[in-house]
Amino acid sequence: MPNVTETYELVVGLGACGLSMARFLKSRGHCVAATDIDGTKTSQAEALKKLGIPVRIGSHGQNMFDKASVIIPSPGVPLDMPFIKAARAKGVPVSGELDIFAQYNTTPVIAITGTNGKTTTTELVAAMLEASGLSCFVGGNIGTPLVEYLMQESPKDIVVAEISSFQLDLADMFRPDVAVLLNIAPDHLDRYPDFDAYANSKWSVFKNMTALDTAVINAALNNFSARTENICPGTFGFSSTGPVTRGASIHKMGIDIRTEKINDAISPETLTGLPGMHNRENVAAAALAALSGGASMAGIRQALNSFTLSDHRIAFVREVDGIRFYNDSKATNVDAVLAALKSFESRVVLILGGREKGLDFAPLVPEVKARVKAVIGMGEAAGHIMEIFEGVCPAYPCPDMACAVNKAVCLSEKGDVVLLSPACASFDLYANYKERGKDFSRMVNDIVPGQEGCHG
């Protein structure tokens, strides 16, 4: 255990969030210690030690947890970790990034949560605000920890934050000025006891908001009416399944926006860079959130006309011999894969797999029957994928990406789509979904046109 002689705040996990949190707390004069069970985090440990922060890596010590004045786990650290549970039982409090950010932040916040589409919507909101002349800090689950903003010298007009359920689980004080709930579909059931617990985590983004704040919520969510009766902020709804009187109605001809001050529409021509109904929902939610944050309809249109989807979200990689390859590595749950499949009319060779999260693949079966000519099951989940889809369409197991891409090329012909949309986490083979997507794209770009047959 590090030599810590006074009361300290213990940061658990030395990923980007943990490193930023330890640096921030130290910068504000707190006594900080840090720990990570990963013994390879030597460079991170050395960086913190140079700041005078004691660090333990490679193992945890219960005594280090028990003597902390507060434990601050990174979002990816399970709250049922035995060391945390034992310390909590002895009265040690546990806090999270959102509450620490809330204690120090004075800038208005737009928070975006949901199972799918968070990153796209967060980027859209920021683009719409900036096109309207407002400066933004974009952070949270999207990649840059929120406390990084608190260490910047130049304030922004607004903070646009992607928020995960893991972050919300420790948010007792966090109160955004505008909060968006995009959708809720089964995910992370390896961490939550059931779907209701996961859904409750998502809905909790509104719990500290007041009548002065604004909620933007998918009106098609289960129990929308009952849930919204119990939240304080004014609510805008958006829906692709029926008209909305206050908010955004989504249909084939575009998106109708109706608020107290605005009665306008976003035309289909403005949405060509964002294919699929799921992206129209993202645009509708983003527009309502951006308007609530001070954007103009002119700024919203300008942002949409120049917006491009991030890598790893149904991103076109390349066309080879008439076969189009798409990287949707960020689709780490079943609902995201369903949205991706509905974006294509052509026959799809679908690459699924990775590390499972307690999800049921069965809801994919109808869409696979309708659109998919073959399924490739990759990595740890390959066996389960074979069990589900062997009777639905041709299905093939592959141990890794090289095998999967080669098999997909073998199975495809001119006019087909090869789609990496895994419905699983990446951690069996990759550090994160970005590395998985980059590997897929690299292998696709290495394909030599005109080659025939399978290899290996």
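Everything discussed here concerns the structure shown above.
Owing to the predicted nature of the structure, the values given are computational and were not obtained by experimental measurement. (Residues numbered from 1 in each chain as written. Predicted model: local features only at pLDDT ≥ 70, side-chain atom pairs only at ≥ 80, totals over all residues. Heavy atoms only, no water.)

Novice: What exactly am I supposed to notice about helix 2 (residues 42-49) here?
Specialist: Each full turn of the α-helix corresponds to 3.6 residues, which orients residues three or four apart in the same direction. Residues Gln44, Ala45 and Leu48 constitute the buried set of helix 2. Burial along helix 2 is one-sided: seen end-on, the buried residues are contained in an arc of 100°. As for helix 2, its buried residues are in contact with helix 1 (16-27), strand 2 (32-36) and strand 3 (55-57). (Buried < 20%, exposed > 50% of the residue type's maximum accessible area, 1.4 Å probe, protein only. Helix = DSSP H or I, 4+ residues; strand = E, 2+ residues; numbered from the N terminus. Arc of directions from axis to C-beta. Contact = heavy atoms within 4.5 Å.)

Novice: Looking at this model, I keep getting lost on the pattern of salt bridges. Mind explaining?
Specialist: Note on pairing: side chains with opposite charge can pair once their charged atoms come close. Scanning the model with the defined rule gives 17 salt bridges in all. For Glu367, the salt bridge goes to Arg371, with nearest N and O atoms at 2.3 Å. Of this pair, Glu367 and Arg371 both sit in helix 14 (residues 365-371), four residues apart, roughly one helical turn. Across the pair, exposure class does not vary: Glu367 and Arg371 are buried alike. Among the ionic pairs, Asp416 bridges to Lys373, the shortest N-O distance being 2.8 Å. Of this pair, Asp416 sits in the loop between helix 16 (401-411) and strand 19 (417-420) while Lys373 sits in strand 17 (residues 372-378), and the two are 43 residues apart along the sequence. Grouping residues by exposure puts Asp416 and Lys373 together as buried. Beyond isolated ion pairs, a larger network of salt bridges with shared partners links Arg347, Lys373, Glu413 and Asp416. (Salt bridge = Lys/Arg side-chain N within 4 Å of Asp/Glu carboxyl O.)

Novice: Hey, could you run me through the layout of surface pockets in this one?
Specialist: If a probe as big as a water molecule is rolled over the atoms, it shows which places are left empty. Space inside the second largest pocket adds up to approximately 720 Å³. Every element with two or more residues in the lining of the second largest pocket is listed here: helix 9 (195-203), helix 11 (277-292) and helix 13 (334-341). With five residues, helix 9 is the single largest residue contributor to the lining of the second largest pocket. Partitioned by chemical class, the residues of the lining of the second largest pocket number 13 nonpolar, twelve polar and six charged. (1 Å grid on protein atoms, 1.4 Å probe; cavity = no way out; pocket = protein on both sides within 12 Å on 5 of 7 lines; lining within 4 Å. Points joined across faces, edges and corners; volume = space filled by probe spheres on them. Nonpolar A, V, L, I, M, F, W, Y, C, P; charged D, E, K, R; others polar.)

Novice: Would you mind going over the environment of Phe427 with me for this structure?
Specialist: Locating Phe427 in the fold gives a position in the loop between strand 19 and helix 17 (433-445). Considering only alpha carbons, one finds Phe427 and Ala395, 32 residues apart in sequence, at a separation of 23 Å. Look past the residues within four positions of Phe427 in its chain and what remains in contact with it is Arg355 and Asn432.

Novice: Sorry if this is basic, but what is going on with the packing of aromatic side chains here?
Specialist: Two numbers describe a pair of aromatic rings. These are the distance of the centres and the angle of the planes. This structure, assessed with the given rule, holds nine aromatic pairs. Three or more aromatic residues joined by ring pairs make a cluster, and in this case those are Phe166, Tyr192, Phe195 and Tyr198. Seen from the ring of Phe166, Arg191 lies directly overhead, with NZ or CZ sitting 3.7 Å from the centre. (Phe/Tyr/Trp six-rings, centres within 6.5 Å; stacked < 30°, edge-to-face > 60°. Lys NZ or Arg CZ within 6 Å of the ring centre and 35° of its normal.)

Novice: Where do I start with the nonpolar core in this structure?
Specialist: It is characteristic of soluble globular proteins that their nonpolar side chains tend to be buried jointly. If you look at the biggest cluster of nonpolar residues, it comprises 46 residues, and the most contacted ones within it are Phe206 and Ile217. Of all the elements, helix 1 adds the most residues to this core, at four residues. In this structure Phe206 touches Ala179, Leu181, Ala215, Ile217 and Ile231, once residues within four positions along its chain are discounted. Counting residues in hydrophobic clusters, the runner-up holds 38 residues, among them Val180, Phe238, Leu271 and Ala287. (Core = buried A, V, L, I, M, F, W, Y, C linked by side-chain atoms within 4.5 Å.)

Novice: Would you take a moment to explain the packing of helix 16 against helix 17 for this structure?
Specialist: The description of two helices packed together rests on the angle between their axes and the distance between the axes. Their axes nearest at 10 Å, the elements helix 16 and helix 17 cross at an angle of 45°. Here helix 17 runs oblique to helix 16, going by the angle between their axes. Handedness of the helix 16/helix 17 crossing: right-handed. On helix 17, the residues that touch Met401, Ala402 and Val405 of helix 16 are Arg436, Asp439, Phe440 and Met443. (Axes fitted to C-alpha atoms, helices over the stretch in contact; angles between N-to-C directions. Parallel < 35°, antiparallel > 145°, perpendicular 65-115°, else oblique. Left-handed = near helix turned anticlockwise from the far one by under 90°.)

Novice: What's the story with the packing of helix 6 (residues 118-131) against helix 12 (residues 297-306) in this structure? I'm lost.
Specialist: Orientation of helix 6 relative to helix 12, taken along the N-to-C sense of each, is 125°, at an axis distance of 7 Å. Comparing their axes, helix 12 and helix 6 come out oblique. The chirality of how helix 6 crosses helix 12 is right-handed. Across from Leu124, Ala127, Met128 and Ala131 in helix 6, the residues of helix 12 making contact are Gly299, Ile300, Gln302, Ala303 and Leu304.

Novice: Explain unusual backbone geometry here, please?
Specialist: Among all residues except glycine, the phi angle is most often negative; among peptide bonds, the trans geometry is most common. Even without being a glycine, Asp321 presents a positive backbone phi close to 55°. Mapped onto the fold, Asp321 is located in the loop between strand 14 (315-320) and strand 15 (323-327). Residue Asp321 is classed as partly exposed on the basis of its relative accessible area, which comes to 45%. Phi is positive for Ala423, which is not a glycine, with a value near 65°. Take Ala423: its relative accessible area is 2%, and that puts it in the buried class.

Novice: Explain helix 9 to me, please; I cannot follow it from the model alone.
Specialist: Where helix 9 is concerned, the buried positions are Tyr198, Ala199, Ser201, Lys202 and Trp203. Next to the buried residues of helix 9 lie strand 5 (109-113), helix 6, helix 8 (165-168), strand 8 (178-181), strand 9 (214-218) and helix 10 (224-229).

Novice: Would you mind showing me how to read the sheet that holds strand 1 (residues 9-12) here?
Specialist: Hydrogen bonds along the backbone pair up the strands of a sheet, which may run parallel or antiparallel. A sheet is described by the order of its strands in space; here four strands give the open sequence 3-2-1-4, paired in parallel fashion. Edge positions in the sheet fall to strand 3 and strand 4 (70-73), since each of these pairs with one other strand and no more. Neighbour-to-neighbour, the strand axes of this sheet turn through a mean angle of 15°, independent of strand direction. Sheet topology places strand 1 next to strand 2; four bridges connect them, and they run parallel. Of the residues in strand 2, the one forming a bridge with Val12 is Thr35. Each of strand 2 and strand 3 touches helix 2; the most contacted strand, strand 3, lies at about 170° to it. (Pairing = 2+ DSSP bridges.)

Novice: Help me understand the state of the cysteines in this model?
Specialist: Note on terminology: disulfide describes a covalent bond linking the sulfur atoms of two cysteines. One pass over the structure, following the stated rule, counts one disulfide. Among the cysteines around Cys136, which has no disulfide bond, Cys17 carries the closest sulfur, lying 20 Å off. (Disulfide = S-S within 2.5 Å.)

Novice: Would you mind showing me how to read the pairing of strand 9 here?
Specialist: Regular strands place their side chains on alternate faces of the sheet. Counting buried residues in strand 9 gives five out of five residues, a clear majority hidden from the surface. Both faces of strand 9 are covered, namely the face carrying Thr214, Val216 and Asn218 and the face carrying Ala215 and Ile217. Of the strand pairs in this sheet, strand 8 and strand 9 are connected by four bridges, and their pairing is parallel. Within strand 9, the position partnered with Leu181 by the bridge is Ile217. Following the chain from strand 8 across helix 9 to the adjacent parallel strand 9, one finds a crossover that is right-handed. With five bridges connecting them, strand 9 and strand 10 (residues 234-239) associate as parallel partners. (Right-handed = clockwise from strand over helix to strand, strands pointing away.)

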